[in-house]
Amino acid sequence: MLTLSLEEFMVELNEGSIKNVGPTNKSATVKLFEVEDAEAREFGDKRVKLVFEDADGNEVQVSLFPEDVHKIVRDVEALEDDSPVFE
């Protein structure tokens, strides 16, 4: 299941073209639940791309620098040690 929350979002659709309308204060939050496939792969010369997909074909891709990937790995390792999620 994919949820998408858009804040202060307005665009103009005119003859098939999409154009920003209003100020540039837009933001979005995307959440993907019930992930069935996840992978990590190289993205360019300096980043790692994490790709997550659910059964409906919804996909979220995240590009991270290696130091951010290492932090996530440490967070997961801490959860393995301290959280009942991994029991």
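Residues numbered from 1 in each chain as written. Predicted model: local features only at pLDDT ≥ 70, side-chain atom pairs only at ≥ 80, totals over all residues. Heavy atoms only, no water.

## Let's talk about the overall build of the protein chain
- Of the regular secondary structure elements, the protein chain holds one helix and seven strands.
- Listing every helix and strand of the protein chain by position from the N terminus yields β-β-β-β-β-β-β-α.
- Radius of gyration (C-alpha) of the protein chain: 18 Å, far over the 12 Å computed for a compact globule of 87 residues.
- Along the first, second and third principal axes, the C-alpha atoms of the protein chain reach 55 × 30 × 25 Å.
- When burial is assessed residue by residue, the protein chain has 9% of its 87 residues classed as buried. (Helix = DSSP H or I, 4+ residues; strand = E, 2+ residues; numbered from the N terminus. Rg over C-alpha atoms; globule rule 2.2 N^0.38 Å. Buried < 20%, exposed > 50% of the residue type's maximum accessible area, 1.4 Å probe, protein only.)

## Considerations on the sheet that holds strand β7 (residues 59-64)
- Spatially, three strands are ordered β5-β6-β7 in an open sheet, and the strand pairing comes out antiparallel. Strands at the two margins of the open sheet, each flanked by one partner only, are β5 (35-43) and β7. Each neighbouring strand pair of the sheet contributes to a mean axis angle of 15°, computed without reference to strand direction.
- Here eight bridges tie β5 to strand β6 (residues 47-54), and the two strands are oriented antiparallel to one another. If you follow Asp-37 over to β6, its bridge partner there is Glu-53. (Pairing = 2+ DSSP bridges. Axes fitted to C-alpha atoms, helices over the stretch in contact; angles between N-to-C directions.)

## Here we look at the side chain of Ser-83
- When you line up the elements, Ser-83 lands in the segment after α1 (66-82).
- Polar contacts involving the side chain of Ser-83 include one to the main-chain amide nitrogen of Val-85, which spans 3.1 Å. (Polar contact = N/O pair within 3.5 Å; in protein donor to acceptor, adjacent residues only side chain to side chain.)

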